[in-house]
Amino acid sequence: MVQTSEDIRLLNEKITHASGFVTRINDELSKVIVGQQSMIERLLIGLLSNGHVLLEGVPGLAKTLAIKSLSQAVHADFSRIQFTPDLLPADVIGTMIYNQARNEFMVRKGPIFSNFILADEINRAPAKVQSALLEAMQERQVTIGDTTYRLPEPFLVLATQNPIEQEGTYPLPEAQVDRFMLKVVVDYPGKSEEQQIIRQNTLGLSSPTINAVASTNEILTAKELVRQVYLDEKVENYILDIVFATRYPDKYNLPKLKPLIGFGGSPRASINLALAAKAYAFLNNRAFVIPEDVRSISKDVLRHRIGLTYEAEAENVNVEQIINEILRVVNVP
């Protein structure tokens, strides 16, 4: 659908009016989270574009705290599932139980029936549990017994995983990781930020209270507006070029990447890159996507969708370097 400049101006006004809750959420999260603005921004992008988020980082970087605080800032149901090797699928989605008094089986719904699901250390659960969760993420429904139940809206899975431990972990298969819209690598805070963290945690002050400052209706309205953000055909083609360069690097003047890439991004990568760019534009109070929006979110959308060959590992080439090279060479509209 072709949008006129007047359509975009009117949409811009709607976005400015509807995005007020973003500032309120950021203000609430800043009470307990020092720095990590990029991580918070990615969590909001997932929330606004209906995409699940996987946070990866060493322990102690406020991954769990950020997710929990976000759920508290939005007036919605929240469930935390601590993944362990002895977890069963029924512990996540629910099961049928026998009611002796009524002489019948009844459904007991699991913690997945919430708006926000914190899947803590998802790589600690066995494959069956991971599959049950990831199927629910994709289909947004759960079947217990003979009945299928729709999951509530908004429904967002925010998972964390620890990359440094191998003992007692079950790494997520590539096909299942692909269900996550974004894979966000959380880095250490800066020195001044860490100094502030020390002061906050050693002065003996009570922990700040996170208030619910956004409603689910505001989130659902914002999600509708994100879908309407204008994506020009030139920017659309830029997204396609980036994704296709991960599949056929030799066709994009990147022949040296061909032996390093085992497989590239699927069509899901293109869809999610477009949606994430729209959400990024919304967060910046814009009714249209610019190439910089695409570039800003590319690594988070693509880093878990590019498979490296043994040759890449032998040469110590990582996914970040490959994405950087693609972004450097692909023509920007």
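The structure contained in this document is the topic of the report that follows. (Residues numbered from 1 in each chain as written. Predicted model: local features only at pLDDT ≥ 70, side-chain atom pairs only at ≥ 80, totals over all residues. Heavy atoms only, no water.)

1. Brief notes about the overall build of the protein
Line of reasoning, step 1. Broken down by element type, the protein carries 14 helices and 13 strands.
Line of reasoning, step 2. In terms of its C-alpha atoms, the protein occupies a principal-axis envelope of roughly 70 × 50 × 50 Å.
Line of reasoning, step 3. When each of the 333 residues of the protein is scored for burial, the buried share is 48%.
Line of reasoning, step 4. Sequence separation of 24 or more characterises 79% of the internal contacts of the protein that already satisfy a separation of 6 or more.
Line of reasoning, step 5. Surface accessibility of the protein: about 16,700 Å² in total, with carbon and sulfur atoms responsible for 50%.
Line of reasoning, step 6. The positive charge centre, built from 34 side chains, and the negative charge centre, built from 39, are 2 Å apart in the protein. (Helix = DSSP H or I, 4+ residues; strand = E, 2+ residues; numbered from the N terminus. Buried < 20%, exposed > 50% of the residue type's maximum accessible area, 1.4 Å probe, protein only. Contact = heavy atoms within 4.5 Å. Areas by Shrake-Rupley, 256 points an atom, 1.4 Å probe, with all protein chains shown as cover. Lys, Arg positive; Asp, Glu negative; His and termini not counted. Charge placed at Lys NZ, Arg CZ, Asp CG, Glu CD.)

2. A word on the pairing of strand β8 (residues 147–150)
Regular strands place their side chains on alternate faces of the sheet.
Line of reasoning, step 1. For strand β7 (residues 141–144) and β8, the ladder comprises four bridges, and the chain directions are antiparallel. Within β8, the position partnered with V142 by the bridge is Y149.
Line of reasoning, step 2. Hairpin remark: β7 followed by β8, antiparallel, with two residues in the connecting loop; positive phi at G145, about 65°. (Pairing = 2+ DSSP bridges.)

3. Thoughts on the nonpolar core
Line of reasoning, step 1. With 79 residues, the main nonpolar core has I25, L182, I242 and V294 as its most contacted residues.
Line of reasoning, step 2. Among the elements that take part in this core, helix α11 (residues 267–283) stands out by supplying eleven residues, more than any other.
Line of reasoning, step 3. In this structure L182 touches R42, I45, G46, H52, V53, L54, A276, I297, D300, V301 and H304, once residues within four positions along its chain are discounted.
Line of reasoning, step 4. Membership of the second largest hydrophobic core comes to 28 residues, among which are I93, A119, F155 and L172. (Core = buried A, V, L, I, M, F, W, Y, C linked by side-chain atoms within 4.5 Å.)

4. Let's talk about helix α9 (residues 216–228)
Line of reasoning, step 1. Its 13 residues give α9 an end-to-end C-alpha distance of 19 Å, which sits within 8% of 18 Å, the value for a rise of 1.5 Å per residue.
Line of reasoning, step 2. Looking only at α9, the buried set comprises I219, A222, K223, L225 and V226. For α9, the arc enclosing every buried residue in end-on projection is 165°, short of the 170-degree limit, so these residues lie on one face. Along α9, exposed side chains directed more than 90 degrees from the buried face belong to N217 and E224.
Line of reasoning, step 3. Tucked into the core, α9 has its buried residues touching α1 (5–18), α2 (20–29), α3 (37–48), β2 (74–75), β11 (214–215) and α11. (Expected span 1.5 Å × (residues − 1). Arc of directions from axis to C-beta.)

5. Some remarks on the sheet that holds strand β3 (residues 78–82)
Line of reasoning, step 1. As summarised here, the arrangement of the five strands in space is β3-β6-β9-β1-β10, forming an open sheet in which the pairing is parallel. Lying at the two open borders of the sheet, with one neighbouring strand each, are β3 and β10 (182–185). With direction set aside, neighbouring strand axes in the sheet form an average angle of 15°.
Line of reasoning, step 2. Relative to strand β9 (residues 156–161), strand β1 (residues 53–56) runs parallel, the two being bridged by four bridges. Bridged to L54 within β9 is A159.
Line of reasoning, step 3. Helix-sheet contacts for helix α4 (residues 63–73) involve β1, β3, β6 (116–120) and β9, and the interaxial angle to β9 is about 165°. (Axes fitted to C-alpha atoms, helices over the stretch in contact; angles between N-to-C directions.)

6. Focus on the packing of aromatic side chains
Line of reasoning, step 1. Within this structure, the stated rule accounts for two aromatic pairs.
Line of reasoning, step 2. When the centroid spacing of 6.2 Å and the interplanar angle of 85° are considered together, the rings of F113 and Y149 count as edge-to-face. In this pair, F113 sits in the loop between β5 (104–109) and β6 while Y149 sits in strand β8, placing the two residues 36 residues apart along the sequence.
Line of reasoning, step 3. Directly above the aromatic system of Y248 lies the positively charged group of K251, at a separation of 4.7 Å from the ring centroid. (Phe/Tyr/Trp six-rings, centres within 6.5 Å; stacked < 30°, edge-to-face > 60°. Lys NZ or Arg CZ within 6 Å of the ring centre and 35° of its normal.)

7. Observations concerning the packing of helix α10 (residues 233–247) against α11
Line of reasoning, step 1. Closest axis-to-axis distance for the α10/α11 pair is 10 Å, and the angle between their directions is 150°. Relative to α11, α10 is oriented roughly antiparallel. Seen from above, α10 lies across α11 with right-handed handedness. Across the interface between the two elements, I239, L240, I242, V243 and R247 of α10 pack against P267, A269, S270, L273 and A274 of α11.
Line of reasoning, step 2. Taken together, the residues of the contact of α10 with α11 sort by class into eight nonpolar, one polar and one charged. (Parallel < 35°, antiparallel > 145°, perpendicular 65-115°, else oblique. Left-handed = near helix turned anticlockwise from the far one by under 90°. Nonpolar A, V, L, I, M, F, W, Y, C, P; charged D, E, K, R; others polar.)

8. Notes on the pattern of salt bridges
Line of reasoning, step 1. Scanning the entire structure with this criterion turns up 17 salt bridges.
Line of reasoning, step 2. A salt bridge links R9 to E13; the nearest nitrogen and oxygen atoms lie 2.5 Å apart. Of this pair, R9 and E13 are both found in helix α1, four residues apart, which corresponds to roughly one turn of the helix.
Line of reasoning, step 3. When salt bridges that share partners are traced, they join E41, R42, D300, R303 and E320 into one network. (Salt bridge = Lys/Arg side-chain N within 4 Å of Asp/Glu carboxyl O.)

9. So, the packing of α11 against helix α12 (residues 291–302)
Line of reasoning, step 1. At their nearest, the axes of α11 and α12 sit 9 Å apart, and the two run at 130° to each other. Classified by the interaxial angle, the pair formed by α11 and α12 is oblique. Note on packing geometry: the crossing formed by α11 with α12 is right-handed. Facing α11, whose interface residues are A269, N272, L273, A276, A277, Y280 and A281, α12 presents D293, V294, S296, I297, S298, V301 and L302.

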